[in-house]
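So you can see what is in the structure, the chains are spelled out below.
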Amino acid sequence: MEMLRFYPEEVRFIALATIRRERRLSVPGKVLVRRGDQVEATTVLAVAEQPTAVVIVDIASQLKVPPERAAAYLQQKSGASVRAQEVLAQRRIWMGLRTLRARSPVDGEIVATGGGKVLIWTGVREIEVRAGFPGTVAEVLPSYGAVIETKGALIQAFWSSGPDFSGMIRIVTSGAEPLRARSIDPVAQGTIVVGGAWIEPSALEQAERLQVKGIIAGSMDASLLSMVREVSFPIVLTEGFGRLPMHPGIFRILSLYQGREAFVLQPPLRSDGLPGRPEILIPVPTESLPPPEPEGEVFLQPGLRVRLLREPYRGRTGTVERISPYPWTLDSGLRAWCVEIQLDGGEGNVWVPVYNVEILRS
């Protein structure tokens, strides 16, 4: 009997690779760049107009006809610009002695008709998509944006509080040391401060006083979220909420590139509607083209490096030894497939449900 395959979530942290990222508008617009163009983080790739509001006019009820018959009385087509009080549809009754009219309540553009209704955009705002990091336009996405390529490091984080941002990396603690106020000196002003473990409240206050560009740390207590909403800079957590040290591999990459500029990107929603992982990109000039970052999904199998997600082993890392050939009955009474993990640090092996791990790709 063929073994089942399990595909846990992945986390990537790579010291040097060729990285490509789609940067696209949410609605069709106009692309401003061409393939091969060199771009900076602030380069505008594409622009579009987006309605600030949509007004729905029920013409069927105003003309006193069933919805399926309303289209026969339309006076305007989809795409037409209309003014407030302009006639959208009309119908003569009483042998033509009286006319029922449906009028637009606003200035705008008709974007759709059907089901006895007319949809009107009213007011527009210009939206744009920027490159987000320096690189080369590898591919144009017609009407939407472009794929940008760069060479450097990539770190996928757990959570970010703010929009895209960038700044010079400044390491202020060791890999397992909490980020406290005394760790952040005036030299950190205008930089991205990196702390290896969790963030203490005093560190947020000190960072605000010194006007840092942002903070990257391993974790933070969820009770600080209200405080985070008040500070003027974004915060990135690589591990999650609680008191978890940053993964040594991630801290090693950030330390390797201390003094370089890092670019933090907020990814679009995934196909399942959930937010993707924030990403930290650190462009690095190289003479040769590094290998591309790993592609495709990887299924859980012996030899893979993983991180455990639930207590009592939350945040611990190790190597997959084997997967149970049949489901186990857990203490909770639930049945689940389990995986044996050899924990790092020589602390022995543990069995955990397969949905309690994530794959580390570096």
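Here the structure is a predicted model, which means the values were calculated and not measured. (Residues numbered from 1 in each chain as written. Predicted model: local features only at pLDDT ≥ 70, side-chain atom pairs only at ≥ 80, totals over all residues. Heavy atoms only, no water.)

Trainee: Please clarify how the overall build of the chain should be interpreted in this entry.
Mentor: Within the chain one finds 4 helices and 27 strands. Computed over its C-alpha atoms, the radius of gyration of the chain comes to 27 Å, more than 25% above the 21 Å expected for a compact globule of 362 residues. Here the chain, with 362 residues, has 46% of them falling under the buried criterion. Restricting the contact set of the chain to residue pairs at least 6 apart, pairs at least 24 apart contribute 60%. Charged side chains of the chain number 41 positive and 39 negative; the gap between the two group centres comes to 7 Å. (Helix = DSSP H or I, 4+ residues; strand = E, 2+ residues; numbered from the N terminus. Rg over C-alpha atoms; globule rule 2.2 N^0.38 Å. Buried < 20%, exposed > 50% of the residue type's maximum accessible area, 1.4 Å probe, protein only. Contact = heavy atoms within 4.5 Å. Lys, Arg positive; Asp, Glu negative; His and termini not counted. Charge placed at Lys NZ, Arg CZ, Asp CG, Glu CD.)

Trainee: What is the right way to look at the packing of aromatic side chains in this model?
Mentor: Geometry of an aromatic ring pair is reported as the spacing of the ring centres plus the angle between the planes. On inspection of all chains with the given rule, the structure shows 5 aromatic pairs. With centroids separated by 6.2 Å and ring planes inclined at 80°, the aromatic side chains of phenylalanine 158 and phenylalanine 241 adopt a geometry described as edge-to-face. Highlighted residues: phenylalanine 158 in the loop between strand 13 (145-156) and strand 14 (159-160) and phenylalanine 241 in strand 18 (residues 235-241), separated in sequence by 83 residues. Residue class for phenylalanine 241 comes out partly exposed when judged on its relative accessible area of 21%. Aromatic ring contacts, followed pair by pair, group Phe158, Trp159 and Phe241 into a single cluster. Over the ring of phenylalanine 299 we find arginine 5; its NZ or CZ atom is 4.1 Å from the centre of that ring. When the ring centre of tyrosine 144 is taken as reference, the NZ or CZ atom of arginine 24 above it lies at 4.8 Å. (Phe/Tyr/Trp six-rings, centres within 6.5 Å; stacked < 30°, edge-to-face > 60°. Lys NZ or Arg CZ within 6 Å of the ring centre and 35° of its normal.)

Trainee: I tried to follow the environment of valine 140 on my own but got confused; where do I start?
Mentor: When you line up the elements, valine 140 lands in strand 12 (residues 135-141). What makes valine 140 partly exposed here is its relative accessible area of 27%. It is 36 Å that separates the C-alpha atoms of valine 140 and valine 306, two residues lying 166 residues apart in sequence. Valine 140 has contacts with Val31, Val33, Arg34, Arg35, Gly145 and Ala146, leaving out every residue within four places of it along the chain.

Trainee: Just checking my understanding: could you explain the sheet that holds strand 9 (residues 108-114) for this structure?
Mentor: Sheets are built from strands that pair by backbone hydrogen bonding, the pairs being arranged parallel or antiparallel. Pairing within the open sheet is antiparallel, and its 4 strands lie in the order 5-10-9-6. The open sheet has two edge strands, strand 5 (54-58) and strand 6 (81-82), and neither has a second partner. Relative to strand 9, strand 6 is paired through 2 bridges, and the arrangement is antiparallel. Looking at strand 9, one finds that serine 81 is bridged to glutamate 109. (Pairing = 2+ DSSP bridges.)

Trainee: Teacher, can you tell me more about the sheet that holds strand 4 (residues 44-51) here?
Mentor: Strand order in the open sheet formed by 3 strands is 2-4-11, and the pairing between neighbours is antiparallel. The two strands at the open ends of the sheet, each matched to only one other strand, are strand 2 (30-31) and strand 11 (124-130). Examined bridge by bridge, strand 4 and strand 11 share 7 bridges and lie antiparallel to one another. Note on strand 11: the bridge partner recorded for valine 47 is glutamate 128.

Trainee: How should I be thinking about the nonpolar core in this particular structure?
Mentor: It is characteristic of soluble globular proteins that their nonpolar side chains tend to be buried jointly. Counting residues in each nonpolar core, the largest one holds 24 residues, and the members touching the most others are Ile169, Val194, Ile216, Leu254, Ile280 and Ile282. Counting only elements with at least two residues in this core, the list comes to strand 1 (10-24), strand 13, strand 15 (165-171), strand 16 (191-199), helix 4 (248-256), strand 19 (261-265) and strand 20 (279-283). At 4 residues, helix 4 tops the list of elements feeding residues into this core. Those residues in contact with isoleucine 282, other than ones at most four positions away along the chain, are Lys151, Gly152, Ala153, Ile169, Leu254, Tyr257, Arg260, Glu261 and Ala262. If you look at the next biggest cluster of nonpolar residues, it comprises 21 residues, including Ile14, Leu25, Val39 and Leu45. (Core = buried A, V, L, I, M, F, W, Y, C linked by side-chain atoms within 4.5 Å.)

Trainee: Can you walk me through the environment of isoleucine 171 in this structure?
Mentor: As for its placement among the helices and strands, isoleucine 171 is situated in strand 15. Take isoleucine 171: its relative accessible area is 16%, and that puts it in the buried class. For the pair isoleucine 171 and alanine 89, spaced 82 residues apart in the sequence, the C-alpha separation amounts to 66 Å. Residues contacting isoleucine 171, with those up to four places away along its chain left out, are Val194, Phe251, Leu254, Ser255 and Gln258.

Trainee: Would you take a moment to explain a nonpolar patch on the surface for this structure?
Mentor: Together, Trp94, Met95 and Leu97 make up a nonpolar patch on the protein surface, roughly 520 Å² of accessible area in all. Turning to its location among the elements, tryptophan 94 is positioned in the loop between strand 7 (87-93) and strand 8 (98-103). Residue class for tryptophan 94 comes out exposed when judged on its relative accessible area of 62%. (Patch = residues over 30% accessible without salt bridge, like charges linked within 9 Å, V, L, I, M, F, W, Y side chains within 5 Å. Areas by Shrake-Rupley, 256 points an atom, 1.4 Å probe, with all protein chains shown as cover. Salt bridge = Lys/Arg side-chain N within 4 Å of Asp/Glu carboxyl O.)

Trainee: Teacher, can you tell me more about unusual backbone geometry here?
Mentor: For residues besides glycine, phi is generally negative; the peptide bonds are generally trans as well. Between glutamate 311 and the following residue, proline 312, the backbone shows a cis peptide bond with an omega angle of 10°. By the secondary structure assignment, proline 312 is in the loop between strand 21 (305-308) and strand 22 (317-323). Positive phi is not limited to glycine here, since serine 143 has a value of about 75°. Note that serine 143 resides in the loop between strand 12 and strand 13. Among the residues examined, serine 143 registers a relative accessible area of 34% and is labelled partly exposed. Even without being glycine, glutamine 211 reaches a positive phi, approximately 55°. Overall, the relative accessible area of 54% leaves glutamine 211 in the exposed class.

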